Amino acid sequence: MYNAKAYSAGSVKSPLAPTTIPRRDPTEHDVQLEILFCGICHSDLHQVRNEWSDVMPTVYPCVPGHEIAGRVTKVGSAVTGFKPGDLAAVGCMVDSDRTCPECRAGFEQFCPNFTLTYNFPDKHLGGVTYGGYSDSIVVDERFVLRVPSNLALAGTAPLLCAGITTYSPMRHWGVTKDKKVGVVGLGGLGHMGVKFADALGAHVVAFTTSPKKKDDAIRLGADEVVISTNANEMQKHAGSFDFILDAVAADHDINAYIHLLRRDGNITMVGAPEKPLAVGVFGLIMGRRSLSGSPIGGIPETQEMLDFCGAHNITSDVEIIPIQKVNEAYERLVRSDVKYRFSIDMASLRSE
Ligand SMILES: NC(=O)c1ccc[n+]([C@@H]2O[C@H](COP(=O)([O-])OP(=O)(O)OC[C@H]3O[C@@H](n4cnc5c(N)ncnc54)[C@H](OP(=O)(O)O)[C@@H]3O)[C@@H](O)[C@H]2O)c1
Ligand SMILES: [Zn+2]
Ligand SMILES: [Zn+2]
């Protein structure tokens, strides 16, 4: 065991503050990473503030961070895919049982025995897992991803959650050319959704509550932008979408989007607001529309997504911050004031 530097929240009301945490020495299948960048996902904020207390109550101290990119510093004797010096990445999961049907199918995100990167029982050290707001992490090789060499690392880190969470449902629901696809909420997830839908060839409509994001939405790959508070603009798209990805982090009227789906169209929730949404079932019944959810993605598909990003030169648009600005960044995230993902430069933690 060794100590790593980290930022943790000590309670539901505490800001994140510097601390040290234990990390295990790499065992034979482990990869040790020096963390160079870690994205700030809105899930980090939900978790730190215990906003998901019904489903995933927060254990304090909590070290969030599951968009991790870095350099391999040490590998165990049985590791074959990585060597010291390689660039590598870790997302929302660090382990699973590997034997259940979901794991065997490469769907570790549905494994009943997975281990999330933070706030989950730590099988090695006891207590809970600690995430990527830290200078180093040790993860089993199977949950470590390869990073395409052409991608800038600061913008690659967010692909590990915002990227895979938007890529996976688009692949599942058959987003291709000739499909009309909506993306709701231009935050960390939503802006990646626009990039992927565009790269997959769809006609992309971005829905935003922030008029100041309109030009960016087009630059990111949208063909059209709708200010969702404008009922007339919304009505023009009634009954026309094959697929809509809803990446909104707060309470909102999902029925307004269900009505935009064509017959058999699907809307998938990836946003995870604190409170339940009210769904008018007639919107689903009329038109045989469906409402789904989707969690992150499995390890094989996460690697596929990273390789797709390498081939299409896709990274997240990031604002790089030192870790000392993390609490300020959280306040800005609540106000939807980030273009479009904060990426923490972990050199700032190392020099603390
Ligand atoms: N399913 C999964 O596996 C998974 C994975 C990661 C994250 N998540 C969840 O996905 C959600 C989004 O995460 P994120 O990191 O992308 O968050 P984010 O960067 O804060 O983006 C959320 C966006 O939602 C829109 N929005 C915020 N408040 C709103 C409101 N009151 N009404 C309407 N729109 C509003 C804003 O877009 P505009 O300014 O364009 O309106 C905002 O930029 C979070 O709930 C997060 O926990 C789920
Ligand atoms: Zn996330
Ligand atoms: Zn499993």
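Residues numbered from 1 in each chain as written. Chains lettered and ligands numbered in written order. Predicted model: local features only at pLDDT ≥ 70, side-chain atom pairs only at ≥ 80, totals over all residues. Heavy atoms only, no water.

Visitor: Would you explain the overall build of the protein in this entry?
Guide: When helices and strands are counted, the protein shows 12 helices and 17 strands. Taking 2.2 N^0.38 as the reference for a compact globule, 352 residues should give roughly 20 Å; the C-alpha atoms of the protein span a radius of gyration of 20 Å, in line with that estimate. By its C-alpha atoms, the protein is 60 × 40 × 35 Å across when sized along the principal axes. Within the protein, the fraction of its 352 residues that count as buried is 58%. (Helix = DSSP H or I, 4+ residues; strand = E, 2+ residues; numbered from the N terminus. Rg over C-alpha atoms; globule rule 2.2 N^0.38 Å. Buried < 20%, exposed > 50% of the residue type's maximum accessible area, 1.4 Å probe, protein only.)

Visitor: Even after reading the chapter, I still don't get empty space enclosed by the protein, so can you show me in this structure?
Guide: Any space left empty among the atoms is revealed by the rolling of a water-sized probe across them. Counted according to the given criterion, the structure contains one cavity of 30 Å³ or more. One number sums up the size of the largest cavity: a volume of about 60 Å³. For the largest cavity, the full set of lining residues is G91, C92, M93, L145, L160, I164, I296, G297, I299 and T302. In terms of residue class, the lining of the largest cavity is built from seven nonpolar, three polar and no charged. (1 Å grid on protein atoms, 1.4 Å probe; cavity = no way out; pocket = protein on both sides within 12 Å on 5 of 7 lines; lining within 4 Å. Points joined across faces, edges and corners; volume = space filled by probe spheres on them. Nonpolar A, V, L, I, M, F, W, Y, C, P; charged D, E, K, R; others polar.)

Visitor: Is there a simple way to think about the environment of V248 in this case?
Guide: Relative to the elements of secondary structure, V248 occurs in the loop between β13 (241-246) and α8 (255-258). Spatially, the C-alpha atoms of V248 and L186 are 8.2 Å apart, while their sequence positions differ by 62 residues. Not counting residues within four places of it along the chain, the set of residues in contact with V248 comprises V184, G185, G271, A272 and P273. (Contact = heavy atoms within 4.5 Å.)

Visitor: What am I meant to see in the coordination of the zinc ion (ligand 3) here?
Guide: For a metal with four donors in a tetrahedral arrangement, the ideal angle between donors is 109.5 degrees, while six donors in an octahedron ideally sit at 90 or 180 degrees. The coordination sphere of the zinc ion (ligand 3), as far as protein atoms go, consists of D97 (OD), C100 (SG), C103 (SG) and C111 (SG), spread over 2.0 to 2.3 Å. Bound by four donor atoms, the zinc ion (ligand 3) shows angles of 100 to 119 degrees at the metal and therefore tetrahedral coordination geometry. Mapped onto the sequence, the donors of the zinc ion (ligand 3) take the spacing D-x2-C-x2-C-x7-C. Taking relative accessible area as the criterion, C100 reaches 11% and is therefore assigned buried. (Donors = N, O, S within 2.8 Å, 3.2 Å for Na, K, Ca; no water. Tetrahedral: all angles 85-135°; square planar, octahedral: opposite > 155°, others 65-115°.)

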